[in-house]
Amino acid sequence: MAIKNAKFLCSSEKLSQCPPAVIEDRAVIEVALIGRSNVGKSSLINMLTSQKSLAKVSGTPGKTRLINHFEVDSKWMLVDLPGYGYAKTSKSNRAAFSDLIKSYVLNREELYCLFVLVDIRLEPQRIDVEFMEMLGENGVPFGIVFTKGDKLSASARKRQVEAYKKHLSEQWEDFPLHFVTSAESGLGRDELTETIESWADDFLAK
Ligand SMILES: Nc1nc2c(ncn2[C@@H]2O[C@H](COP(=O)(O)OP(=O)(O)O)[C@@H](O)[C@H]2O)c(=O)[nH]1
Ligand SMILES: [Mg+2]
């Protein structure tokens, strides 16, 4: 089941500006995406929603400093968070990013699952692992979305996921829910959207 309809709702500069996770008077779940700049977040949003430029694919990393809300199929909210870990911004910009990100991920009650995007080609990056540790310590439900899967063969993808699993097992008992995706080939789209849709349907049925 693919996403049929996705539309941009609003951009927020801070948590208090974020809209309620309500569509057509019904409370819905919110699923957010985060990761380092250039990991492929905007591309993933466009791939999932089959829209070429719903989220801007930026050649200039670190430009998106807002929390962007999208309504999907009138039954769940997709949230695009600012990228973290961009080294070239000034110190004050960087601190502002992390305050915004932290206030959202730690305090957004509507957040049902946060997906941390990681480039499947890279060995586990310290900033991502530290971010996941912070999520774990604070009980924020999260999963991992591996991006740019088209850049590796199927066997290499498998090896990279296993290596990530091994790395995280030094800290965690369980490897989080994860998906391997490609914005180029559409790999992982059905699996990811079906998972989120089933959460959304279960939530609405309650
Ligand atoms: N080959 C390939 N390139 C990708 C994929 N996803 C993103 N990219 C490229 O990676 C760069 C950063 O992508 P973007 O979506 O803007 O990343 P963001 O900063 O995380 O939003 C762009 O040049 C994209 O074309 C993918 O799945 N496969
Ligand atoms: Mg982007």
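Keep in mind that what you see is a predicted model, and the values were worked out from it rather than measured.

Analysis parameters
- Residues numbered from 1 in each chain as written.
- Chains lettered and ligands numbered in written order.
- Predicted model: local features only at pLDDT ≥ 70, side-chain atom pairs only at ≥ 80, totals over all residues.
- Buried ≥ 20, exposed ≤ 12 C-beta atoms within 10 Å, placed from the backbone.
- Helix = DSSP H or I, 4+ residues; strand = E, 2+ residues; numbered from the N terminus.
- Pairing = 2+ DSSP bridges.
- Near = placed C-beta within 6 Å.
- Nonpolar A, V, L, I, M, F, W, Y, C, P; charged D, E, K, R; others polar.
- Axes fitted to C-alpha atoms, helices over the stretch in contact; angles between N-to-C directions.
- Contact = placed C-beta atoms within 7 Å.
- Core = buried A, V, L, I, M, F, W, Y, C linked by C-beta atoms within 7 Å.
- Expected span 1.5 Å × (residues − 1).
- Arc of directions from axis to C-beta.

Asker: Let's hear about the pairing of strand 5 (residues 67-72): which residues, and what values?
Answerer: Most of strand 5 sits out of view: 6 of its 6 residues are buried. By the alternation rule, side chains of strand 5 split into Ile67, His69 and Glu71 and Asn68, Phe70 and Val72, which are all buried. Pairing of strand 1 (residues 6-12) with strand 5 involves 6 bridges; the strand directions are antiparallel. By the bridge assignment, Ala6 is partnered in strand 5 with Val72. With 5 bridges connecting them, strand 5 and strand 6 (residues 76-80) associate as antiparallel partners. The residue of strand 6 that forms the bridge with Val72 is Trp76.

Asker: So, the site of ligand 1: which residues are in play, and what are the values?
Answerer: In the neighbourhood of ligand 1, 19 residues make up the surrounding shell, with Gly40, Lys41, Ser42, Ser43 and Ala183 lying closest. Grouping the amino acids of the shell around ligand 1 by side-chain chemistry returns 4 nonpolar, 10 polar and 5 charged.

Asker: Tell me about the sheet that holds strand 1, and name the residues and values.
Answerer: Reading across from one edge, 1-5-6-4-7-8-9 is the order of the 7 strands in this open sheet, with mixed pairing throughout. With partners counted over all chains shown, the strands left at the sheet margins are strand 1 and strand 9 (178-180), one partner each. Geometrically, the sheet is characterised by an average inter-axis angle of 25° between neighbouring strands, direction not taken into account. Here strand 4 (residues 29-35) runs beside strand 7 (residues 111-119); their pairing, made up of 6 bridges, is parallel. By the bridge assignment for strand 7, Glu30 is matched with Leu111. Lying on the sheet, helix 5 (residues 189-205) is in contact with strand 4, strand 6, strand 7, strand 8 (142-147) and strand 9; it crosses strand 4 at an angle near 145°.

Asker: I'd love a proper account of the nonpolar core, names of residues and values included.
Answerer: Counting residues in each nonpolar core, the largest one holds 45 residues, and the members touching the most others are Leu33, Leu78, Val116 and Leu117. Those residues in contact with Leu33, other than ones at most four positions away along the chain, are Lys41, Leu44, Ile45, Val79, Asp80, Leu81, Phe115 and Leu117.

Asker: An account of the environment of Gly139 is requested, with residue identities and associated values reported.
Answerer: Checked against the element boundaries, Gly139 lands in the loop between helix 3 (126-137) and strand 8. Along the backbone, Gly139 and Leu106 are 33 residues apart, and their C-alpha atoms lie at a distance of 8.7 Å.

Asker: Any chance you could break down helix 4 (residues 154-168) for me, citing the residues and the numbers?
Answerer: The first and last C-alpha atoms of helix 4 sit 21 Å apart over 15 residues, in line with the 21 Å expected at 1.5 Å per residue. Residues of helix 4 that are buried: Arg157, Gln160 and Tyr164. Along the axis of helix 4, the buried positions cluster into a sector of 65°, meaning they face one direction only. Structural note: helix 4 exposes Ser155, Lys158, Glu162, Ala163 and Lys166 on the side pointing more than 90 degrees away from its buried face.

Asker: Got a sec to walk through the environment of Leu81? Specific residues and values, please.
Answerer: Assignment of secondary structure puts Leu81 in the loop between strand 6 and helix 2 (91-107). Taking the number of C-beta atoms within 10 Å as the measure of exposure, Leu81 has 21 and is therefore buried. Spatially, the C-alpha atom of Leu81 lies 6.7 Å from that of Leu66, the residues being 15 residues apart in sequence. Excluding anything up to four places from it in sequence, Leu81 contacts Ala32, Leu33, Ile34, Ile67, Ile101 and Tyr104.

Asker: A description of unusual backbone geometry should follow, citing residues and the corresponding values.
Answerer: The general pattern is negative phi for most residues beyond glycine and trans for most peptide bonds. Within the chain, Glu24 stands out as a residue other than glycine whose phi angle is a positive 50°. As for its placement among the helices and strands, Glu24 is situated in the loop between strand 2 (22-23) and strand 3 (26-27). Phi is positive for Ser74, close to 55°, though the residue is something other than glycine. As for its placement among the helices and strands, Ser74 is situated in the loop between strand 5 and strand 6.

Asker: An account of the environment of Leu177 is needed here, citing residue identities and associated values.
Answerer: Take Leu177: it is sitting in the loop between helix 4 and strand 9. Exposure remark for Leu177: the 13 C-beta atoms within 10 Å place this residue in the partly exposed category. In this structure the C-alpha to C-alpha distance between Leu177 and Phe142, which are 35 residues apart in sequence, comes to 7.6 Å.

Any functional reading would require information that these geometric values do not contain.
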